[in-house]
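Structure assessment
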Amino acid sequence: MKRTKRIAIYGKGGIGKSTIVSNIAAAYSKDHKVLVIGCDPKADTTRTLVGKRIPTILDIIKEKREASTEDIVIKGFGNVKCVESGGPEPGVGCAGRGVIVAMGLLDKLGTFSEDLDIIIYDVLGDVVCGGFAVPLREDFADEVYIVTSGEYMALYAANNICKGIKKLKGNLGGIICNCRGIENEIEIVTEFADKVGSKVIGVIPRSEMVQKSEIDAKTVIEKFGDSKQAQLYKKLSESIYLNEEFVIPDPMGVDEFDEFFRKFQ
Ligand code: ADP
Ligand code: MG
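Let us look at the structure shown here. Keep in mind the model is a prediction, meaning the values are calculated, not measured. (Residues numbered from 1 in each chain as written. Chains lettered and ligands numbered in written order. Predicted model: local features only at pLDDT ≥ 70, side-chain atom pairs only at ≥ 80, totals over all residues. Heavy atoms only, no water.)

Details of the site of ligand 1
Ligand 1 sits among 18 residues. The nearest are Gly14, Lys17, Ser18, Thr19 and Lys42. Ile15 places a main-chain nitrogen or oxygen 3.2 Å from an oxygen atom of ligand 1. When ligand 1 is considered free in solution it has 560 Å² of accessible area, and contact with the protein chains removes 89% of it. Only α1 (17–28) and α9 (208–215) provide two or more residues apiece to the shell around ligand 1. (Near = heavy atom within 4 Å. Polar contact = N/O pair within 3.5 Å; in protein donor to acceptor, adjacent residues only side chain to side chain. Areas by Shrake-Rupley, 256 points an atom, 1.4 Å probe, with all protein chains shown as cover. Helix = DSSP H or I, 4+ residues; strand = E, 2+ residues; numbered from the N terminus.)

A look at the pairing of strand β1 (residues 5–11)
Of all the seven residues making up β1, six are buried; the element is thus mostly covered by neighbouring parts of the structure. Of the pairings in the sheet, the one linking β1 to strand β5 (residues 118–124) comprises seven bridges and is parallel in character. Within the sheet, the bridge partner assigned to Gly11 lies in β5 and is Leu124. Bridge analysis of β1 against strand β6 (residues 143–148) gives five bridges, and the strand direction is parallel. When the sheet's bridge partners are listed, Ala8 is paired in β6 with Val144. (Buried < 20%, exposed > 50% of the residue type's maximum accessible area, 1.4 Å probe, protein only. Pairing = 2+ DSSP bridges.)

Side note on the pattern of salt bridges
Taken as a whole and assessed by the stated rule, the structure comprises 11 salt bridges. Among the ionic pairs, Asp59 bridges to Lys62, the shortest N-O distance being 3.6 Å. You can see Asp59 and its partner Lys62 sitting in helix α3 (residues 57–63), three residues apart, about one turn around the helix. What makes Asp59 partly exposed here is its relative accessible area of 38%. The class for Lys62 is exposed, based on a relative accessible area of 65%. As a salt-bridge pair, Lys199 and Glu245 come within 3.2 Å of each other at their nearest N and O atoms. Of this pair, Lys199 sits in the loop between α8 (185–195) and β8 (200–204) while Glu245 sits in the loop between α11 (228–242) and α12 (254–262), and the two are 46 residues apart along the sequence. Under the relative-accessibility criterion, Lys199 is labelled partly exposed at 24%. For Glu245, a relative accessible area of 52% corresponds to the exposed category. (Salt bridge = Lys/Arg side-chain N within 4 Å of Asp/Glu carboxyl O.)

Thoughts on helix α7 (residues 152–167)
If you check α7, its first and last C-alpha atoms are 23 Å apart, about what 16 residues at 1.5 Å a residue would give, namely 22 Å. Within the span of α7, buried status applies to Ala154, Leu155, Ala157, Ala158, Asn159, Ile161, Cys162, Gly164 and Ile165. Contacts from the buried residues of α7 go to β1, α6 (134–137), β6, β7 (172–178), α8 and α12. Following α7 by one or two positions, Lys169 adopts a phi angle in the positive range, close to 55 degrees. (Expected span 1.5 Å × (residues − 1). Contact = heavy atoms within 4.5 Å.)

Considerations on unusual backbone geometry
The phi angle at Asn79 is positive, at roughly 65 degrees, despite the residue not being glycine. By the element assignment, Asn79 lies in the loop between β3 (74–75) and β4 (81–84). Among the residues examined, Asn79 registers a relative accessible area of 54% and is labelled exposed. One non-glycine residue, Asn184, lies in the positive phi region at around 55 degrees. Residue position: Asn184 is located in the loop between β7 and α8. Asn184 gets classed as partly exposed once you look at its relative accessible area, which sits at 35%.

See below:
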């Protein structure tokens, strides 16, 4: 039987994970069977694939104890299967609980044994603890990619995520640079990737097409399919698909990190 490619995309909140996940999922959908699992309590990973927000697993099982696959797996653009784990209300309970419950239920319903080529997890990685580590810790994902910009906090989070990946002995496949338009951005991210023992696997420029498609609840691939931006998401999806180089990252210490960053200022 063919092997399903199982990818987890980690990164700081607001850095552009969901935009990247939904766009590469849309790109893959042309030739592959794809499942996207949003593991961020924000629960908006799949919005641009489905055209609207879908109910989260935590919300669904609150209403219905015996939820079925049809209740929780919604088909979006290009027949991409979409799931949102969901999280508790802000300030109530562990934010990772949704992920734990979701993975358990999807497993029980046999979602992972279905005919799938690619599974993509969108994981909030400010903290690689508790539920957020589940896709990696419980062996649901085989390869990890980290999204960052050249900003201090984004790279700081990326370095922390590397610490988590190292602890879990995960395979880091590369760093995705989602540009904010800061000076020397690609150079900073390239050096960061080098420092942690990895590489930059793709560069996505800042583009107003991202917001324009977001407003319509569409991916860039769907709304501006012929654009350069769409091309770059497709190129990233190919680079990830073909990637065979994985490392257990070697994160920087706190002082080393500050020193690294200061060099560019
Ligand atoms: P995350 O999932 O990491 O929280 P999102 O993908 O939701 O981040 O992106 C956060 C915001 O940044 C969104 O409003 C999105 O439109 C915007 N954004 C992401 N990538 C880009 C880009 N390449 N160019 C312009 N805006 C972007
Ligand atoms: Mg998101």
